[in-house]
Amino acid sequence: MTLFFTLLTFIAITGIAIFLSIKFKISSSLTPFVSICFEMMFLSLFGCLGIIRVGGYIYYILAIVAIIYIIKNYKQVLDKIKEPGFIFFSGASLFVIILFSIKQPMFILWDEFSFWGTSIKLVKVYDQLYTTAPIGWAWFATQKPGFIMNGYMFEFFGKYQEWRACAGMDVLIFSTISTLGAVFKNKDWHKSVPFFSIGFLTPFAFSLYNTIYGQSSIYMSVMADVPMGMIFGGVLCLYFASKNKPNTLWAVCVSLMALTFTKDTALPLAMVAAGIICVDILINENKIEIFRLNGFKAKILNCIFVFLSPVICFFAWTKYLGTVLSIDVTGNVGGSDEMGMVQMLISGIKQLFGFIEPTEKFSQVMGKMYSSYFEMNLTVLGSGLKLTIITLSLILIAIIISKDLRYKIRCAVFGILSSIGFLMYYIFIGFCFVFVFKEAESSTLMSYERYVYPYYIGWFLAALMLLAIAMVSEKRRLYGLGRIPVFAIMLVMVLRLSNIVLPGYSFIDFQEGFLDERKLQEQKAQSIAEYVGNSKDNIFFIGQGDDGDKWFKYSSQLLPLQLEYSFGGGTLCLPEAKIEDESPYYIKITPEQLLEYLDEKECEYVFVELSDDFLEDGFGHLFSDNLENCKDGQSALYRVVNDKLEFIGQVK
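Residues numbered from 1 in each chain as written. Predicted model: local features only at pLDDT ≥ 70, side-chain atom pairs only at ≥ 80, totals over all residues. Heavy atoms only, no water.

### Some words on the overall build of the chain
As a reminder, the rule being used: For the purposes of this entry, the term helix denotes a DSSP run of H or I that reaches at least four residues, the term strand denotes a run of E that reaches at least two, and both are numbered from the N terminus. We take the radius of gyration over the C-alpha atoms and set the globule estimate at 2.2 Å times the residue count to the 0.38 power. Only protein chains enter the accessibility calculation, which uses a 1.4 Å probe; a residue is then buried when its area is under 20% of its type maximum, exposed when over 50%, and partly exposed in between. Note on definitions: a residue-residue contact is assigned when non-hydrogen atoms from the two residues lie within 4.5 Å. Asp and Glu are treated as the negative residues and Lys and Arg as the positive ones, with His and the ends of the chain left uncounted. A single reference atom marks each charge: NZ on Lys, CZ on Arg, CG on Asp, CD on Glu.
Of the regular secondary structure elements, the chain holds 24 helices and nine strands. In terms of C-alpha radius of gyration, the chain reaches 26 Å, essentially the compact-globule figure of 26 Å for 652 residues. For the C-alpha atoms alone, the extent of the chain along its principal axes is close to 85 × 65 × 50 Å. Counting the 652 residues in the chain, one finds 59% classified as buried. Across the chain, every contact between residues at least 6 apart in sequence was considered, and the portion connecting residues at least 24 apart equals 74%. For the chain, the centre of its 52 positive side-chain charges and the centre of its 57 negative side-chain charges are spaced 20 Å apart.

See below:
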């Protein structure tokens, strides 16, 4: 039944996409992307208003209205659904949805449990935004809700299942790739195939560089970084592929807003995209009208709308956080310096250009950022420098083969502005490492790849689009020149990835064995739910040897049951216990202190996921069965009764 409900969401998105294509005369290769961006913003608005379920029903009503409109205009539908981009989007999306319904993938990454996946489940369980939904630990989730709303939409009807959220993220990614087909006519569909192939391989190619010997999470997770880069590229592709700018300005603005609402680091990307679009409008657009204005006045008004789209979203979310959670994300960006965003930028710029003496931390971090750009083997296509060269080369070839002087100028301007935008974004990420991240993270540029992937991905996709447009009207004497780099890049990606992603480690043919631990955790969570029922009491977690990973997974898995913070997981032991490795995940505590903690946090239940000698020797006397039911790796559930933990039953 969940497959049916998931397909229902896909039909709703597709119906609205076809409606937009017919109504506004936009290529149907572009409208799936616009439809999903609209869905993300629509649900985000209702989520912030506290009536997200109402927003979901209204969205489906709009989809039904759109489908009725399509039926009445059925003669136009056939041409629309035959466009290369729409065929790719529909085929790829249906393939993944059906595949995942059979193979049932689950979340496997840490951040999916600490935020991205757990947030979707919170919204599904409580029908309210994750910012206000109850959870058993300190939950100050300030990340933007765009991706969460897309996942929620695919979970709207029916039972919550993780594969549905993963499929929803893939449908979003496929919608960005489909924009590459907007410039090709139906009869020239074969010319779009290598572009779709490269687009499909891009998430792999830009996030892998060494052979993996475990399961790849690409196309099988709800992590935000790669999809954010795809949307960044989708925004630019949407703009450059649109033939009738006045009719698509609103679509560009909606996509910019959706980009801004994906993640905290998305605002710089959205501002870069808005800047590029505004300059292109001012330089290259001649016949443009809006609100009965034309000429330069119309250009300025268009630019104002484009520029304000991400700005309004940013400040609207800031206002929401300040009102609901009393959090000021502009006045304090976090980190040891506890400075505001503007102060961070000013301080960073002053140190960068030598107006004030750079701190030792600033010099070290920015020095590593500089060397990493040239030296770090970042993707299957090479380092950041190589990616820049490849991207700019695509733009240069587009300039060479195009016979339209105005288009040559457009490509040249994009190349210059996008390069400047990359430099600004790269410096901004460096500032984040200096002023926001902890010392351990900044000293090693922890997760450096995740923060720079998005720009490279979007930049590359936009360059592909510019080349595709140039190929449609290339000079006769240069016929075929534009295809050479496209096929070369596709070939390199295929050859490199065939050695990097080994059989059985991709989302298409992954082995089910790697999910055994997650499935066992799911079974144990269901077992606990049978014992506890609908109790709203906190559950204390004991998982000896855990580094916090299992605690995060069970916290998400048990929802709506509340797994209390429980010191963030770790190994309980007596203060005098002899520990060879003084790990921070050893919790030194007395039995009396444990009981006081359980009372203070109002924990009604204790879930012993795994016991060991430390727990048995130091705390065994607190348990009614002396932990006999936790031998040989068994799990058990206990109820807190005065100063005793009464055995309820084994958790299997």
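So, next bit.
### Notes on the sheet that holds strand S3 (residues 538-543)
Heads up, the condition is: Should DSSP find at least two bridges between two strands, the strands are regarded as paired.
Spatial ordering of the open sheet is given by S4-S3-S7-S8-S9, a layout of five strands whose pairing is mixed. One side of each edge strand has no neighbouring strand; the edge strands of this open sheet are strand S4 (562-563) and strand S9 (644-651). Here S3 pairs with S4 via two bridges, running parallel. Considered in S4, the bridge of Asn538 is made with Gln562.

### Let's talk about the environment of Met220
Looking at the element boundaries, Met220 is found in the loop between helix H9 (189-205) and helix H10 (225-241). Along the chain, Met220 and Lys519 lie 299 residues apart, while their C-alpha atoms are 16 Å from each other.

### Some points on the nonpolar core
In plain terms, the rule: Buried residues of nine kinds, namely Ala, Val, Leu, Ile, Met, Phe, Trp, Tyr and Cys, make up a nonpolar core once their side-chain atoms join them within 4.5 Å.
Counting residues in hydrophobic clusters, the biggest one holds 194 residues, and the most contacted among them are Tyr130 and Met493. Looking at this core element by element, the count peaks at 20 residues for helix H19 (residues 448-472). In this view, Tyr130 contacts Phe115, Ser119, Leu122, Val123, Trp139, Ala141, Gln143, Lys144, Pro145, Ile148 and Trp317; residues no more than four positions away in its chain are not counted. By size, the runner-up hydrophobic cluster in this structure holds 22 residues, among which are Phe540, Phe619, Ala636 and Val640.

### So, the packing of helix H5 (residues 84-103) against H9
Heads up, the rule is: Convention adopted: a line fitted to C-alpha atoms gives each axis, helices being fitted over their contacting stretch, and angles between N-to-C directions are expressed from 0 to 180 degrees. By definition in this entry, angles of less than 35 degrees are roughly parallel, angles greater than 145 are roughly antiparallel, angles of 65 to 115 are roughly perpendicular, and the rest are oblique. Helix crossings are classified by the rotation of the near helix relative to the far one: an anticlockwise turn of less than a right angle makes the crossing left-handed, while a clockwise turn makes it right-handed. Here the nonpolar group is Ala, Val, Leu, Ile, Met, Phe, Trp, Tyr, Cys and Pro; Asp, Glu, Lys and Arg are the charged ones; every other residue, Gly included, is treated as polar.
The N-to-C vectors of H5 and H9 enclose an angle of 50°; their axes lie 10 Å apart at closest approach. One element, H5, and the other, H9, form an angle in the oblique class. Considering only the axes of H5 and H9, their crossing is right-handed. Contacts between H5 and H9 involve Pro84, Gly85 and Phe88 from the first element and Trp189, Ser192 and Phe196 from the second. For the contact of H5 with H9, the residue count by class is four nonpolar, two polar and no charged.

### Brief notes about the pairing of S9
Where strand S8 (residues 635-641) lies against S9, seven bridges are found, and the strand directions are antiparallel. In the strand pairing of S9, Val641 is matched with Lys644. Between the end of S8 and the start of S9, which pair antiparallel, lie two residues, with Asn642 showing a positive phi angle near 55°.

### Overview of the state of the cysteines
Put simply, the rule reads: In this description, a disulfide is simply a cysteine sulfur pair whose atoms lie within 2.5 Å.
Going through the model one piece at a time under the given rule, you end up with zero disulfides. For the unlinked cysteine Cys313, the closest cysteine sulfur is that of Cys48, found at 9.9 Å. With relative accessibility at 4%, the residue Cys313 sits in the buried group.

### Some details on the packing of aromatic side chains
For clarity, the cut-off: Stacked, tilted and edge-to-face pairs are distinguished by plane angle, under 30 degrees for stacked and over 60 for edge-to-face with tilted covering the rest, among Phe, Tyr and Trp rings (Trp via its six-membered ring) whose centres lie within 6.5 Å. By definition here, charges over rings are those cases where NZ of Lys or CZ of Arg is within 6 Å of the ring centre and within 35 degrees of the ring normal.
This structure, assessed with the given rule, holds 67 aromatic pairs. Between Phe540 and Tyr597, the ring centres sit 5.8 Å apart and the planes meet at 75°, which makes this aromatic pair edge-to-face. Here Phe540 is found in strand S3, whereas its partner Tyr597 is found in helix H23 (residues 591-600), with 57 residues between them in sequence. For the pair Phe540 and Tyr597, a shared accessibility class is recorded, and that class is buried. Members of the aromatic cluster, connected to one another through ring pairs, are Phe4, Phe5, Phe38, Phe42, Phe46, Tyr57, Tyr59, Tyr60, Tyr152, Phe156 and Phe157. A cation over an aromatic ring shows up here: Arg53 above the ring of Phe156, its NZ or CZ 4.0 Å from the ring centre.

### Examining the pattern of salt bridges
Our working definition: Only one rule defines a salt bridge in this text: a Lys or Arg side-chain nitrogen within 4 Å of an Asp or Glu carboxyl oxygen.
Inspection of every chain in the model, using the stated rule, returns 13 salt bridges. The salt bridge involving Arg53 is made with Asp127; its shortest N-O contact spans 3.5 Å. Pair noted here: Arg53 is in helix H3 (residues 52-72) and Asp127 is in the loop between helix H6 (110-126) and helix H7 (146-154), with a separation of 74 residues, a long-range link. For Arg53, a relative accessible area of 22% puts it in the partly exposed group. Looking at Asp127, the relative accessible area reads 28%, which means it is partly exposed. We note a salt bridge from Arg164 to Glu155, for which the minimum N-O separation is 3.7 Å. Of the two residues, Arg164 and Glu155, neither departs from the other in class, the shared state being buried. One connected set of salt bridges, linked through shared partners, spans Asp111, Asp225, Lys263 and Arg450.

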